[in-house]
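So the chains spell out like this:
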Amino acid sequence: MKYILDILRREHGGESFCQRFEYETENESDTVATALTKLNEKDDLVSADGSPARRIEWECSCLQKKCGACAMVICGRPRLACGAVLSEFTGEITLEPLRKFPVVCDLVVDRSVLFENLKTLRLWLGGNAEFSEKYGELAFEASECIQCGCCLEICPNFCAGGKFFGMATVPITTRLLSQMTPKEYKEIARLYARHTFAGCGKSLACRDVCPKGIDTERLLVNANAMAIWKRK
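Sequence order as written defines residue numbering, which begins from 1 separately in each chain. The model is predicted, so local features are restricted to residues of pLDDT at least 70 and side-chain atom pairs to those at 80 or more, both for listing and for counting; the totals for chains, interfaces and linings are taken over all residues. Values reported for side chains reflect all heavy atoms of the structure, with hydrogen atoms and water molecules removed beforehand.

Moving on: the sheet that holds strand E4 (residues 77–80). Paired through their backbone hydrogen bonds, the strands of a sheet run either parallel or antiparallel. Here the rule is simple: two strands pair whenever DSSP picks up at least two bridges between them. The secondary structure listing takes helices from DSSP runs of H or I that are at least 4 residues long and strands from runs of E that are at least 2 residues long, numbered from the N terminus. Pairing in this open sheet of five strands is mixed, and the strands run E2-E1-E5-E3-E4 from one edge to the other. The sheet terminates laterally at strand E2 (16–24) and E4, the two strands that pair on one side only. Averaged over all neighbouring strand pairs, the angle between strand axes comes to 35°, with direction disregarded. The pairing of strand E3 (residues 71–74) with E4 spans four bridges and is classified as antiparallel. Within E4, the position partnered with Met72 by the bridge is Arg79. Pairs of residues are marked as contacts when any of their non-hydrogen atoms sit within 4.5 Å. Angular values range over 0 to 180 degrees, each being the angle between N-to-C directions of two axes fitted as lines to C-alpha atoms, with helices fitted over their stretch in contact. Strands strand E1 (2–10), E2, E3 and strand E5 (93–96) of the sheet are contacted by helix H1 (residues 32–40), whose axis makes an angle of about 95° with E2.

Attention now moves to the domain arrangement of the protein. Note that domain bounds follow an automatic or database assignment of domains. Here the protein is partitioned into domain 1 (2–109) and domain 2 (112–228). Relative to domain 2, the C-alpha centre of domain 1 lies at a distance of 30 Å. Listed as interface residues are 14 residues of domain 1 and, on the opposing side, 16 residues of domain 2. Summing the contributions of domain 1 and of domain 2, the shared interface buries around 1,200 Å²; its carbon and sulfur component is 61%. Three residues stand out in domain 1 for area buried against domain 2, namely Pro78, Lys100 and Phe101, and they jointly supply 50% of the buried area on that side. Here a salt bridge means any side-chain nitrogen of Lys or Arg lying within 4 Å of a carboxyl oxygen belonging to Asp or Glu. At the boundary of domain 1 and domain 2, one finds one salt bridge. Here Glu153 makes a salt bridge to Arg99, at a shortest N to O gap of 3.0 Å. By the criterion applied in these results, polar contacts are pairs of N or O atoms within 3.5 Å in which, for protein atoms, one can donate a hydrogen and the other can accept it, and in which residues neighboring in sequence qualify only through two side-chain atoms. Here domain 1 and domain 2 share seven residue pairs in polar contact (both at pLDDT 80 or more) between them. Of all the secondary structure elements, the ones that give two or more residues to the side of domain 1 that touches domain 2 are E3 and E4. Among the elements that take part in the side of domain 1 that touches domain 2, E4 stands out by supplying four residues, more than any other. Of the residues that constitute the side of domain 1 that touches domain 2, the class distribution is seven nonpolar, one polar and six charged. By definition, the buried area sums, over both parts, the 1.4 Å-probe accessible area that each loses when the two are put together. Classification used: nonpolar for Ala, Val, Leu, Ile, Met, Phe, Trp, Tyr, Cys and Pro, charged for Asp, Glu, Lys and Arg, polar for all others including Gly.

Next up, the structure:
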């Protein structure tokens, strides 16, 4: 089987350009991550037209859909490269960096804003958690979030550096608010109202792209109930 990967590339500080590569395999389970790894293993990497090409820069870690490092836009949709099986696609497979974050090089983007937003919302426990079996299932689902940024890529209201922090902050907020006393979560609820609730247009585009299958609508409803309406 032969696949054509059309990759949007950009050197550090340079202009973006498209470069096409051919990838052949007999393994039907090969993913986009597999193809990028195998292409980069070649000592003489060339593009589809035979021109010499430098190695493709992209990020990865676990390759098991558990870390979110390999998030990119695949055929117009934000996905994890390790979860995108090549046989799913017909025709050329386009690979682009996430567009809501500054591009570092090729498919690598700077997602440090995710961490900065979590710090701004003060999303950490200051004391002992109050675990409740009532919220055990909800807290477990929220803990599945891997901060990959796919939900922010598809969100029409999010932009890096803006006041609206998007769905990426909701899972952690949900977990913390369900384990805090009313006195403890007062400040977090205030920040959530300003940076998440106020900017969300409820398009729920994030619901269909989460690589972990998290029910973002459910988490959003519960976070709003706890932070805005003060109902646990």
